[in-house]
Amino acid sequence: MKKYARLAIILGIIALCGAILLAAWFMSTHNVAVMNPKGIIAERQQELMTYSTLLMAIIVIPVFILTFGIAWRYREGNKKAKYSPELSGSKLAETIWWLIPGVIIVLLSFVAWRSSHELDPYKPITGDVKPLKIQVISLQWKWLFIYPDQHIASVNYMPVPVNTPLDFTITSDAPMNSFWIPQLGGQVYAMSGMSTKLHLLANQTGDFRGSSANISGEGFADMNFVARSMKQTDFDAWVASTTNAKALTMEQYDSLAKPSTLKDPTTYSLPATSDALYDTVVNKYMGHGH
Amino acid sequence: MFGRLTLDALPKDLVTIGGAATMVVALIGIVLLITRLKRWGWLWREWITSLDPKKIGVMYLVVATVMLLRGLGDALLLRAQQALATTGYGPLDSDTFQQIFSAHGTIMIFFVAMGAIFAMMNLLVPMMIGSRDVAFPFMNAVSFWLFAVGMALVNISLMVGEFQAAGWLAYPPLSELQYSPGVGVDYWIWTLQIAGIGSLLSGVNFFTTIVKMRAPGMTLMKMPLFIWSVLGSLVLIIFAFPILTATLGMLSLDRLMGMHFFTSTFGGNPMMYINLIWAWGHPEVYILILPAFGVYSEIVATFSRKRLFGYTSMVWAIAAITLLSFLVWLHHFFTMGAGADVNAFFGIMTMIIAVPTGVKVFNWLFTMYRGRVRFTTPMLWFLGFVVTFTIGGAAGVLMAVPPADFQIHNSLFLVAHFHTMIIGGVLFGAFAAFSYWFPKFTGFRLNEFLGKCAFWCWLSGFIVAFTPLYILGLMGATRRLDHYDPSMGWQWLFIVAGLGVLLILLGVGFQVLQVGYSIWKRKELRDTTGGDPWDGRTLEWATATPPPVYNFAVLPKADTRDPFWYAKQGQKPLSSRKFEPITLPKNSPIPIIIAVGAIMVGFGLVWYMWWMAIAGLLIVVVALIVRLSDENTEYTLTAAEIQHLEARSKRSQYA
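Predicted model, so just to flag it, every value in this text is computed and none were measured.

1. A look at the overall build of chain A
Here is step 1 of the chain: Each helix and strand counted, chain A has six helices and 11 strands in total.
Here is step 2 of the chain: A principal-axis box enclosing the C-alpha atoms of chain A has dimensions of 85 × 45 × 40 Å.
Here is step 3 of the chain: Residue burial in chain A is summarised as follows: out of 290 residues, 40% are buried.
Here is step 4 of the chain: Long-range contacts, defined here as pairs at least 24 residues apart, represent 74% of the contacts in chain A between residues at least 6 apart.

2. Looking at the overall build of chain B
Here is step 1 of the chain: For chain B, the helix and strand inventory stands at 19 helices and two strands.
Here is step 2 of the chain: Taken against the 2.2 N^0.38 rule, which gives 26 Å for 655 residues, the C-alpha radius of gyration of chain B at 25 Å falls within 12% of a compact globule.
Here is step 3 of the chain: Within chain B, the proportion of its 655 residues that are buried is 62%.

3. Considering helix 6 (residues 184-212) of chain B
Here is step 1 of the chain: The end-to-end C-alpha separation of helix 6 of chain B is 42 Å, in line with the 42 Å expected for 29 residues at 1.5 Å each.
Here is step 2 of the chain: Judged by how many residues are buried, helix 6 of chain B sits mostly within the fold: 23 of 29 residues are covered.

4. Things to note about the nonpolar core
Here is step 1 of the chain: With 313 residues, the main nonpolar core has B:A64, B:A113, B:L146, B:I227, B:Y296, B:F382 and B:A432 as its most contacted residues.
Here is step 2 of the chain: A per-element tally of this core places helix 4 (residues 94-128) of chain B first, with 23 residues.
Here is step 3 of the chain: Counting residues domain by domain, this core receives three or more from each of domain 1 (2-76 + 93-118) and domain 2 (132-283) of chain A.
Here is step 4 of the chain: Beyond its immediate stretch of four places on either side in the chain, B:Y296 contacts B:W364, B:F382, B:F385, B:G429 and B:A432.

5. Points about the interface of chain B and chain A
Here is step 1 of the chain: Across the boundary between the two partners, chain B contributes 83 residues, which contact 85 residues of chain A.
Here is step 2 of the chain: Broken down by secondary-structure element, the contributors of at least two residues to the side of chain B that touches chain A are helix 4, helix 9 (311-324), helix 10 (340-368), helix 11 (377-400), helix 12 (402-408) and helix 14 (448-474) of chain B.
Here is step 3 of the chain: Of all the elements, helix 10 of chain B adds the most residues to the side of chain B that touches chain A, at 16 residues.
Here is step 4 of the chain: Each residue belonging to the side of chain B that touches chain A can be placed in one class, and the counts come to 49 nonpolar, 24 polar and 10 charged.

6. What to know about the environment of B:K55
All names here are of chain B.
Here is step 1 of the chain: Its location among the elements puts K55 in helix 3 (residues 53-84).
Here is step 2 of the chain: Spatially, the C-alpha atoms of K55 and T357 are 33 Å apart, while their sequence positions differ by 302 residues.
Here is step 3 of the chain: Apart from residues lying up to four places away in sequence, K55 is in contact with W47 and S50.

7. Concerning unusual backbone geometry
Here is step 1 of the chain: Of note, the bond from A:Q140 into A:W141 is cis; its omega dihedral lies within 30 degrees of zero at -5 degrees.
Here is step 2 of the chain: Cis rather than trans, the peptide bond between B:P172 and B:P173 has omega equal to 0 degrees.
Here is step 3 of the chain: The residue B:N551 is not glycine, and still its phi comes out positive at about 60 degrees.
Here is step 4 of the chain: Secondary-structure assignment places B:N551 in the loop between helix 15 (491-520) and helix 16 (563-570).
Here is step 5 of the chain: Positive phi values are uncommon outside glycine, yet B:Y608 reaches one of about 60 degrees.
Here is step 6 of the chain: Within the secondary structure, B:Y608 is located in the loop between helix 17 (590-607) and helix 18 (610-629).

8. A closer look at the domain arrangement of chain A
Accessible area lost when the parts come together is the quantity often used to give the size of an interface.
All names here are of chain A.
Here is step 1 of the chain: Each domain of chain A was delimited in the assignment, giving domain 1 (2-76 + 93-118) and domain 2 (132-283).
Here is step 2 of the chain: The C-alpha centroid of domain 2 is placed 37 Å from the C-alpha centroid of domain 1.
Here is step 3 of the chain: Of the residues lining the interface, 10 residues belong to domain 1; the matching set on domain 2 comes to 13 residues.
Here is step 4 of the chain: Looking at the side of domain 1 that touches domain 2 residue by residue, the class counts come to six nonpolar, three polar and one charged.

9. Quick look at the packing of helix 6 of chain B against helix 17 of chain B
Residue and element names in this part refer to chain B.
Here is step 1 of the chain: Between helix 6 and helix 17, the shortest axis-to-axis distance is 9 Å and the interhelical angle comes to 155 degrees. Here helix 17 runs roughly antiparallel to helix 6, going by the angle between their axes. Here helix 6 runs over helix 17; the crossing is right-handed. In this structure, helix 6 contributes D186, Y187, W190 and I194 to the contact, and helix 17 contributes A598, G602, L605 and V606.
Here is step 2 of the chain: When its residues are assigned to classes, the contact of helix 6 with helix 17 shows six nonpolar, one polar and one charged.

10. Some remarks on the sheet that holds strand 8 (residues 196-201) of chain A
Residues and elements named next belong to chain A.
Here is step 1 of the chain: Spatially, six strands are ordered 8-5-1-2-3-11 in an open sheet, and the strand pairing comes out mixed. Here the strands that pair on one side only, and so sit at the sheet edges, are strand 8 and strand 11 (266-269). The sheet shows a mean angle of 25 degrees between the axes of neighbouring strands, taken without regard to direction.
Here is step 2 of the chain: Sheet topology places strand 5 (residues 165-172) next to strand 8; six bridges connect them, and they run antiparallel. What sits directly across from D167, in strand 8, is H199.

11. A look at the sheet that holds strand 10 (residues 224-230) of chain A
Residue and element names in this part refer to chain A.
Here is step 1 of the chain: Read from one edge of the open sheet, five strands run 4-10-9-6-7, paired in mixed fashion. Where the open sheet ends on each side, the last strands, each with one partner, are strand 4 (157-161) and strand 7 (185-190). With strand direction ignored, the average angle separating the axes of adjacent strands in the sheet is 20 degrees.
Here is step 2 of the chain: In the sheet, strand 9 (residues 206-212) pairs with strand 10 via six bridges, with the strands oriented antiparallel. Looking at the pairing, D207 lines up with R228 of strand 10.

12. Digging into the pairing of strand 7 of chain A
Residue and element names in this part refer to chain A.
Here is step 1 of the chain: Within strand 7, six of the six residues are buried, which leaves the element mostly enclosed by the surrounding structure.
Here is step 2 of the chain: Of the strand pairs in this sheet, strand 6 (residues 177-181) and strand 7 are connected by four bridges, and their pairing is antiparallel. Each bridged residue has a counterpart across the sheet, and for F179 the counterpart in strand 7 is V188.

About the thresholds
Residues numbered from 1 in each chain as written. Chains lettered and ligands numbered in written order. Predicted model: local features only at pLDDT ≥ 70, side-chain atom pairs only at ≥ 80, totals over all residues. Helix = DSSP H or I, 4+ residues; strand = E, 2+ residues; numbered from the N terminus. Buried ≥ 20, exposed ≤ 12 C-beta atoms within 10 Å, placed from the backbone. Contact = placed C-beta atoms within 7 Å. Rg over C-alpha atoms; globule rule 2.2 N^0.38 Å. Expected span 1.5 Å × (residues − 1). Core = buried A, V, L, I, M, F, W, Y, C linked by C-beta atoms within 7 Å. Domains from an automatic or database assignment. Nonpolar A, V, L, I, M, F, W, Y, C, P; charged D, E, K, R; others polar. Axes fitted to C-alpha atoms, helices over the stretch in contact; angles between N-to-C directions. Parallel < 35°, antiparallel > 145°, perpendicular 65-115°, else oblique. Left-handed = near helix turned anticlockwise from the far one by under 90°. Pairing = 2+ DSSP bridges.

Shown next as structure tokens:
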């Protein structure tokens, strides 16, 4: 029986090390979005996660060492180890382990408090560049992005200029969704009848995947979009190219809002009659419904 | 007559037909087997009508085990779908996939984890406090049968109609009529309402039992730590379950009566639901984990042959966790936009829970210090728990930092985190408890080798299944996706996770084999110590094995913690052998009659068969009136009868 136990332990340790190595290899060769930020908010969030993890390692690693150290040292077969069956506590020791995790948590609390305020999604990103306003509406099962100043509406495709603060207001014309672009920063819920806010900034160009993080019905898995960060000139060119696009009239919107999934992103121009589209969608849940 | 029930309600897709057919065949098989063995009378007398908490505990255990198999089957399908989704060979369509993960969550929490802790409470609480029964034995049986009704309704939904597809907590507005017009959400509501009432009754019952029925001498600070942790869990049940009942009640009013508590229109507010459901849901997590903590406390002390380290700080830690668990619910939705102050407050509250939890871990570790540690199966589950729980706890603290949570909320990282806590914490605790207390109730041990095989399969399977999920979450994979683009590079991780579940399945296979083999070899595995196979410390070992219906022929005195241990040390039996008559509750068919009524209410409301719901309600009311007017519900064993029973039983000489 002993032999089996030892074999099992050795196999377990080998498997564990193998798993850690494999995981590390995998993470270094693949795009781990949250750990590979392309925007300033995501960068700060990634640093925050790394920092918190290291702080916790101060507790976690000693716990692992203590667990196996003590269990092995005081195994029944080891008659050399001291045996004190009546030992039932120690004021000093217990104080230490109320205090040390306590201190770590106090430190982390400061981190949590400060970062919650600094990285509050509602807090505008200040800078020299004028922010770009984007109104986001989650539909069944697609994302509609309205650029009110550019008079553009785009479905499942969100071009943004690099190094420009992005000022999102988010609502839903569907069950609750969550608006998330991992490489640019954390998510906020999209809820009908109200507006939530999010501020992001992409500091590199590239295509970043966005999705809904909250289940919203049958086509939920297809609620993906591309956030394309591009140079300002390219963004301007895109804006110019949409003047001839199909207009998103209110009728057009109503048919778009019907439950369906969409394979190819579409871009619309926003006629003056649809200027208040976002507010209309928010308001339609505020009064007596539809 | 049939409300909205038509033949369309029968399953149509192959996976559901397969699942439903398996269930029907298994049921018919069991019925035939019982008929063939002529065991119906025995089943009725010894189990179905029994008010003995030990019997009821075993029935909880049976339900939880069967549901664990169902939940595992669901998990396998989910893993298969996600591993194969990009190839086009995934076995499930979106709707079925969503129903399955909703059912998986509901079943695993309400019928496996809750079932396991109620099994433990029923089997262990009276024995460990030196009591003969629970405070309200009839109510206890009603609790179990309502729990069984909930379980039945979930499984009926597989055969007739559908289950809900909005996730295990069914957030509105998705779960409102507008978006989920089918019967799925109604099945879910009435399943939880009926089982939830059972849970609340159990909460009151066991709370009263612990407060009022302890052995002479057992003051609060002399209770075994398991009892303290169960007490914490019961306080949470008593305060949290009414919130669940009220919340589901309002959702059902929305759906049945066209009200607007949580709709997105007419002034309804889905955010209110999300707050309320987590005001129950977060305490629920601790309702599950606290009893598991208690199990570990008993096991570590016993298998280190040493007193538990830091008893008083353990009690305070439990009290702190109990209180704090009501102050953290908002961390389930930092992403709702509550503002930095609110988020930071709830984040910090959440982190603070890590302190008492950490204290408990250190106290367990130092219980082994200067002890004589035996690496038995229960102890392995404990060590596995320390590893997984510490990792999961660290992931939890990470998610308590609101801006960090924004990046992992609702991703597979979150899914991995709570599986780490519930599998590594609650389930490992239940398995540890099972192998630790099994000999007490059967008189023979479980085979250790097979138990260890099961442990290693579970632990390694768990690591293989959930490490990929942590990584996937960081890669941006959200939970509940039935398909994803192959270019994401996620597929290999999903395949590895699937292999992990297969390893876990192997572990379950070993557990089934272990029980079967141990029953077969029960003569060789017989406990020869007279009811104290592990050198136990607490009162449950101080009675005959298997325990008689009255638990203790003479109530033991508990003047210290670990009274049985000290009885052995001092070589003096805990109780005299002067027998006195014992009064016990008679069997009653009323609880199962109430269950029949309750299932009619549930099924009737799901399908709008109002006559059936009303008839069911009448059955419940009439059954209760009959019971309450019956004054002849107890019987008495005379001293001579007890002497006779005791002469035939096996027990430790110090009992």
